[in-house]
Amino acid sequence: MVESYRCGGTALRNLSGDKSTILVVDDEASIRRILQTRFLMIGYSVVTASDGEEALSAFRLLTPDLIVLDVMMPKLDGYGVCLELRKQSDVPIIMLTALADVADRITGLELGADDYMIKPFSPKELEARIACVLKRRSHKTSINTIIPNSLIIHVGNLKIDVNKRQVHKNEQRIRLTGIEFSLLELLVNHSGRVFSRLEILQQLWGFVPEMNTDTRVVDVHISRLRTKVESDPNDPEFIITARGSGYFFPRIVESEQE
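Residues numbered from 1 in each chain as written. Predicted model: local features only at pLDDT ≥ 70, side-chain atom pairs only at ≥ 80, totals over all residues. Heavy atoms only, no water.

Take the overall build of the chain next. Counting secondary structure elements, the chain contains 8 helices and 15 strands. A fraction of 59% describes how many contacts in the chain between residues 6 or more apart in sequence connect residues 24 or more apart. Element-wise, carbon and sulfur atoms account for 50% of the exposed surface of the chain, whose accessible area totals about 12,800 Å². (Helix = DSSP H or I, 4+ residues; strand = E, 2+ residues; numbered from the N terminus. Contact = heavy atoms within 4.5 Å. Areas by Shrake-Rupley, 256 points an atom, 1.4 Å probe, with all protein chains shown as cover.)

Set out below in structure tokens:
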């Protein structure tokens, strides 16, 4: 049974869209309670689920704005949930993992999660990352609502609609997650400029990373983006590696207003 927090007998989910809804999925009741309480205090609506099957049911029923998703759960683990969600949605997913192996930790990113945090984690840091993701999505919605025309960038076989946040490859739309499009947008808007991994973390994840920050999260998203936009991900023409420095998009000379 999916848990939904209620106050005064009224569910706190705001159907008007004025309040972002977060789905917290974790088999540890203590973590669900802590995150639920903190998120409610800072103004979010909160729904919780204790396993992967409940998570998918809650998603279909409530379409939350963001999901905090544990990896190790009964019935269906976080990887399975992430895989299923990415077949139908680009909802932001932040995974929580207690797995020690780096390869295990980044598996969620490879399946389409936007970010991950290692248990035990700082709730304040999680809140900051959530705020950054939701702000980015809010900006996307306001642009789509206010600006009827879109800046269309054509480069090679790609058509990038900056305002609608859509990408077409060979006239076929390709599905990008929110973080993947934001990564592409960052590189495209500053085409020709090399961004280091630390700069990308700061620009997209919204926090100032330290020099010893694990930057593999950036590499995984770059790899996923290449598999979607490049004709040959092993010999990319759009998302270029500046060896020892970072990544860049070739200088763009062709764009148009539609």
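For the rest of this paragraph, the subject is the environment of R226. Relative to the assigned elements, R226 resides in helix α8 (residues 216-229). Residues R226 and E237, spaced 11 residues apart in sequence, show a C-alpha to C-alpha distance of 9.4 Å. Apart from residues lying up to four places away in sequence, R226 is in contact with P233, P236, I239, I240, T241 and Y247.

Let's shift gears to the side chain of R86. Tracing the backbone shows R86 in helix α3 (residues 78-86). A distance of 2.8 Å separates a polar side-chain atom of R86 from the backbone oxygen of V91. In this structure R86 touches V91, P92, I93, L111, G112, D114, R175 and T177, once residues within four positions along its chain are discounted. (Polar contact = N/O pair within 3.5 Å; in protein donor to acceptor, adjacent residues only side chain to side chain.)

Once that is clear, we can look at the packing of helix α2 (residues 52-62) against α3. Interhelical geometry of α2 versus α3 gives an angle of 25° and a closest axis separation of 9 Å. Classified by the angle between their axes, α2 and α3 sit roughly parallel to one another. The crossing of α2 and α3 is right-handed. Together, G52, A55, L56 and F59 of α2 and V81, E84 and L85 of α3 make up the contact between the two elements. Residues that form the contact of α2 with α3 fall into these classes: 5 nonpolar, 1 polar and 1 charged. (Axes fitted to C-alpha atoms, helices over the stretch in contact; angles between N-to-C directions. Parallel < 35°, antiparallel > 145°, perpendicular 65-115°, else oblique. Left-handed = near helix turned anticlockwise from the far one by under 90°. Nonpolar A, V, L, I, M, F, W, Y, C, P; charged D, E, K, R; others polar.)

Their axes nearest at 9 Å, the elements helix α7 (residues 197-205) and α8 cross at an angle of 80°. Judged on the interaxial angle alone, α8 and α7 are roughly perpendicular. Residue-level inspection shows R197, I200, L201 and W205 of α7 in contact with α8, the latter providing V217, V218, D219 and H221. Classifying every residue of the contact of α7 with α8 by side-chain character gives 5 nonpolar, 1 polar and 2 charged.

In an α-helix there are 3.6 residues to a turn, and that puts residues three or four apart on one side. Helix length check: helix α1 (residues 29-41) (13 residues) gives 18 Å between terminal C-alpha atoms against 18 Å at 1.5 Å per residue, within 8%. Positive backbone phi, at 105°, marks G43, one or two positions downstream of α1. (Expected span 1.5 Å × (residues − 1).)

Now for α2. Listed as buried for α2 are G52, E54, A55, L56, A58, F59 and L62. On its buried face, α2 is in contact with β4 (21-25), β5 (45-49), β6 (66-70) and α3. Looking at where α2 begins, the residue whose side-chain oxygen comes 3.0 Å from the main-chain nitrogen of E53 is D51. T63, located one to two residues past α2, shows a positive phi value of around 40°. (Buried < 20%, exposed > 50% of the residue type's maximum accessible area, 1.4 Å probe, protein only.)

Here the focus is the packing of aromatic side chains. Applying the stated criterion across every chain yields a total of 2 aromatic pairs. Note on F39 and Y44: the rings are 6.2 Å apart at their centroids and 85° apart in plane angle, and the pair reads as edge-to-face. Each member of the pair, F39 as well as Y44, carries the same accessibility label: buried. Here F238 and F249 contribute two aromatic rings whose centre-to-centre distance is 5.9 Å and whose plane-to-plane angle is 10°, an arrangement assigned as stacked. In this pair, F238 is assigned in the loop between α8 and β13 (240-242) and F249 in the loop between β14 (246-248) and β15 (255-257), connecting sequence segments 11 residues apart. For the pair formed by F238 and F249, the shared burial category is buried. The ring centre of F195 lies 4.0 Å from the NZ or CZ of R193, which sits over that ring. (Phe/Tyr/Trp six-rings, centres within 6.5 Å; stacked < 30°, edge-to-face > 60°. Lys NZ or Arg CZ within 6 Å of the ring centre and 35° of its normal.)

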